Amino acid sequence: MKKEQLLDLYYQMVLIRRVEERGAELYQAGKIGGFMHLYIGQEAVSTGLIAAREPRDRVITAYRDHGVALNCGISANEVMAELLGKATGMSKGKGGSMHMASVEKNMWGGHAIVGGHLPVAAGLALGDQYAKNDNITICMFGDGATNIGYFHEALNLSKTWGLRVLWVCENNQYGMGTAVSRASAVDEIRQKAEGYGMKNAEVNGMDVLAVYEAAKESMDFVRKEGQPYFLEVDTYRFRGHSMGDPERYRKAEEVKQWQENDPIGIFNKYLLDKKVTTRKGLDEIEARVEEEVQKAVEFAETSPEPALEDLFKDIYAE
Amino acid sequence: MAKITMREAISQALMEEMDRDPAVFIMGEEVGVWGGTYAVTKGFYDKYGADRVKDTPIAENAILGAAIGAAMVGQRPIAELMTINFAFSAMDYIVNQAAKLRYMFGGQFTLPLVIRAVGGGGRQLGATHSQTPDAIFAHFPGLKVVSPGTPEDAKGLLKSAIRSNDPILFIEHATMYQVRGEVPEGEYLIPIGKSKVQREGSDLTIVTYCKGLELSMKAADELGKEGIQAEIVDLRTLRPLDMEPVLQSFKKTNRAIVVEEGWKSYGVGSEIVSRIYEEAFDYVDAPIIRVAQKEVPLPYNRTLEQAALPQVTDIVAAAKEVLK
């Protein structure tokens with residue numbers, strides 16, 4: 001990977017982190033309502049994954065979607081504005097934290113029903129199969145989604161019909177507060193793909209380059225073979241399931257241990273060790289992010305609320 | 001005008017739209033090789049091939065989820081639910097996805113999707129295969145719900161539904177595929193969201209749709225023999241609901257009954273009656289009566305099943321009651 005590309009990955013990860021840290025502050029200040037699920041700790045997953053896609057490849061994910069939105073190229077302004085429920089958000093303030101999408105950026109949404117978007121992902125790929133192109137649909141979901149029926153119907157369909165879906169399970173060890181071993185028949189989630197005769201792999205989700213490499217490889221397979229592929233990514237969310245999680249289900253030491261493997265820290269060290277850049281170079285990126293996020297907050301705060309007339313807009317196309 | 005069956009009308013609509021637009025395809029359980037469990041898509045597989053008449057696993061979430069996804073990226077799927085009772089297995093896709101995706105993402109997504117579903121009782125299929133849950137689906141903004149009562153309407157409305165860019169639940173009745181009716185020659189469309197006076201009369205208004213129309217027409221014949229002229233307004237679309245013809249008729253007759261096959265409580269009739277009271281209270285000469293299914297899960301036994309379903313005699317009795 002070229003230097004610029006490596007530094008861009010770093011920039012994206014830091015951007016996600018800072019957007020969410022500021023988002024958390026705004027949430028605490030009562031400026032963001034509803035549920036908000038932070039991606040902090042998991043930044044390397046979507047960053048590495050989406051860096052490996054062609055722009056024509058589609059992305060669809062669950063409700064922990066801010067990072068995915070940013071990686072897909074949705075601006076920090078729009079993400080922040082949507083969090084604040086403003087008319088300038090990509091979903092015009094009607095979706096909120098869990099419902100970020102951009103057809104233009106080929107990001108088909110954060111979806112809030114656990115597992116519900118998996119059959120839809122199969123449908124996006126079915127649409128592409130009809131259109132006779134070789135676009136890939138990258139469908140991200142948590143470990144918790146693999147215990148629900150939708151998951152199994154969708155995996156079965158994708159294999160039976162030869163749909164180009166890259167199924168990406170972000171195994172962050174907990175479905176809300178329930179550990180994988182307490183909710184899933186198998187700890188190694190990718191074994192479930194075996195039941196559908198689906199090729200699969202596992203990768204360390206705290207290492208952005210490892211994710212990128214695994215994503216590249218699996219996407220090559222999906223594109224060439226016209227078959228789905230299952231990638232399990234081991235990761236960890238440093239924050240609670242959502243804002244206001246009492247976190248009774250895990251020990252502080254466990255969180256601390258994972259935080260020592262902070263994906264941004266690991267990559268920061270890599271970039272310095274490999275002399276891709278200097279401390280100063282990284283500082284500059286971080287300063288650039290800081291400015292961008294500050295501007296995004298200002299943009300969101302000064303953006304207009306949706307007009308009351310908009311309440312009845314966009315229910316139907318006709 | 002040609003006289004054809006409901007089955008032929010629906011089949012013609014599907015075929016004409018598939019011929020017209022290559023983005024239209026059918027998917028569902030046994031729609032292809034089998035020819036459709038109600039034989040609506042008989043011959044389609046041979047004509048259009050396995051891709052455009054796509055057999056699916058028995059997996060309603062996969063069927064509707066995949067149809068929604070394909071619609072989002074520009075295809076025009078017609079997803080068939082073998083019976084509307086199976087919609088409950090895939091309720092999430094109708095309620096949380098099809099009805100919401102456009103609005104929730106600020107209008108970014110367009111879902112040109114038709115979900116065809118067969119509903120209704122009267123075939124001794126037992127409680128889980130005989131329901132008429134139309135009102136449930138009509139409850140959700142974001143979804144359109146169409147349920148025709150004549151071959152002419154079925155054809156024209158289905159063609160409009162296939163061309164629409166909104167998700168539409170198209171409900172057919174399992175006992176009506178052999179119903180015959182006149183259908184215009186050549187191509188025609190019937191707009192979604194328009195109620196229609198199917199029979200003119202001056203003494204009372206019968207508001208109904210789908211199977212209720214068939215029963216109400218028979219009841220109106222009976223009433224006619226006794227000199228009672230019933231006007232029948234067919235809703236045809238439950239959402240968006242077109243109350244204008246209903247109110248117009250009611251303002252003329254001042255008396256109404258509502259006939260539906262679903263359960264009375266929280267039903268289509270409840271909505272219609274409320275709307276008449278809200279919008280035409282000054283015209284009310286008698287309490288409006290609802291004729292609907294008895295409040296039981298439909299039993300298998302034929303006699304019991306028929307006792308639970310609304311009958312022509314119930315409609316005649318209700319009409320006379322409202323005219324007292």
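Residues numbered from 1 in each chain as written. Chains lettered and ligands numbered in written order. Predicted model: local features only at pLDDT ≥ 70, side-chain atom pairs only at ≥ 80, totals over all residues. Heavy atoms only, no water.

Engineer: An account of the interface of chain A and chain B is needed here, citing residue identities and associated values.
Structural biologist: Size of an interface, as often reported, equals the accessible area lost when the parts are brought together. Each side of the interface is counted separately: chain A has 40 residues, and chain B has 44 residues. Roughly 3400 Å² is buried in total at the junction of chain A and chain B, and carbon and sulfur atoms are behind 62% of that figure. On inspection of chain A and its partner chain B, the count reaches zero salt bridges. The set of elements that each furnish at least two residues to the side of chain A that touches chain B consists of strand 2 (107-110), helix 5 (117-130) and helix 6 (149-161) of chain A. Ranked by the residues each element gives to the side of chain A that touches chain B, the list is headed by helix 5 of chain A, at eight residues. Here the residues of the side of chain A that touches chain B sort into 19 nonpolar, 13 polar and eight charged. (Contact = heavy atoms within 4.5 Å. Buried area = accessible area lost by both parts, 1.4 Å probe. Salt bridge = Lys/Arg side-chain N within 4 Å of Asp/Glu carboxyl O. Helix = DSSP H or I, 4+ residues; strand = E, 2+ residues; numbered from the N terminus. Nonpolar A, V, L, I, M, F, W, Y, C, P; charged D, E, K, R; others polar.)

Engineer: Requested: an account of the pairing of strand 2 (residues 24-28) of chain B, with residues and values cited.
Structural biologist: All names here are of chain B. In terms of burial, strand 2 is largely enclosed, as five of its five residues are buried. Here strand 2 shows two buried faces, one formed by Val24, Ile26 and Gly28 and the other by Phe25 and Met27. With five bridges connecting them, strand 2 and strand 4 (residues 76-81) associate as parallel partners. The partner of Ile26 across the bridge, within strand 4, is Ile78. Pairing geometry for strand 2 and strand 3 (residues 53-55), over three bridges, is parallel. When the sheet's bridge partners are listed, Met27 is paired in strand 3 with Lys54. (Buried < 20%, exposed > 50% of the residue type's maximum accessible area, 1.4 Å probe, protein only. Pairing = 2+ DSSP bridges.)

Engineer: Report on the sheet that holds strand 7 (residues 168-173) of chain B, specifying residues and quantitative values.
Structural biologist: All names here are of chain B. The strand order across the open sheet formed by seven strands is 3-2-4-5-7-6-12, and the pairing between neighbours is mixed. Looking at the sheet topology across the chains shown, the edges are occupied by strand 3 and strand 12 (237-239). Averaged over all adjacent pairs, the angle separating strand axes in this sheet is 20 degrees, with direction ignored. Together, strand 2, strand 4 and strand 5 (114-119) form the strand contacts of helix 3 (residues 60-72), whose direction differs from that of strand 4 by roughly 165 degrees. (Axes fitted to C-alpha atoms, helices over the stretch in contact; angles between N-to-C directions.)

Engineer: How would you explain helix 8 (residues 211-225) of chain B if you had to name every residue and give the values?
Structural biologist: Residue and element names in this part refer to chain B. Its 15 residues place the ends of helix 8 22 Å apart at the C-alpha level, agreeing with the 21 Å of an ideal helix rising 1.5 Å per residue. Every buried residue belonging to helix 8 is among Lys211, Gly212, Leu213, Glu214, Leu215, Ser216, Ala219, Ala220 and Leu223, and all of these are buried. The positive-phi residue at the C-terminal boundary of helix 8 is Gly227, with phi of around 85 degrees. (Expected span 1.5 Å × (residues − 1).)

Engineer: An account of the packing of aromatic side chains is requested, with residue identities and associated values reported.
Structural biologist: According to the stated counting rule, one finds 18 aromatic pairs over all chains in the structure shown. Among the aromatic residues, those joined into a cluster by ring pairs are Phe141, Phe151, Trp167 and Phe230 of chain A. Directly above the ring of Tyr11 of chain A sits Arg288 of chain A, whose terminal nitrogen or CZ lies 4.4 Å from the centroid. Sitting over the face of the ring of Tyr316 of chain A, Lys144 of chain B holds its NZ or CZ atom 4.9 Å from the ring centroid. (Phe/Tyr/Trp six-rings, centres within 6.5 Å; stacked < 30°, edge-to-face > 60°. Lys NZ or Arg CZ within 6 Å of the ring centre and 35° of its normal.)

Engineer: Which residues make up the sheet that holds strand 9 (residues 196-199) of chain B, and what values go with them?
Structural biologist: All names here are of chain B. If you walk across this open sheet you meet the five strands as 9-11-10-13-14, and the pairing is mixed. Of all strands in the sheet, those with a lone pairing partner are strand 9 and strand 14 (289-293), marking the two edges. Sheet twist, expressed as the average angle between the axes of neighbouring strands with direction ignored, equals 25 degrees. Helix 10 (residues 268-280) contacts strand 10 (204-208), strand 13 (256-263) and strand 14 of the sheet and is inclined by roughly 155 degrees relative to strand 13.

Engineer: Got a sec to walk through the pairing of strand 5 of chain B? Specific residues and values, please.
Structural biologist: All names here are of chain B. Of all six residues making up strand 5, six are buried, and the element is well covered by its neighbours. Where strand 4 lies against strand 5, four bridges are found, and the strand directions are parallel. Counted as the bridge partner of Leu81 is Ala117 from strand 5. Pairing of strand 5 with strand 7 involves six bridges; the strand directions are parallel. Across the sheet, Val118 pairs through a bridge with Glu172, a residue of strand 7.

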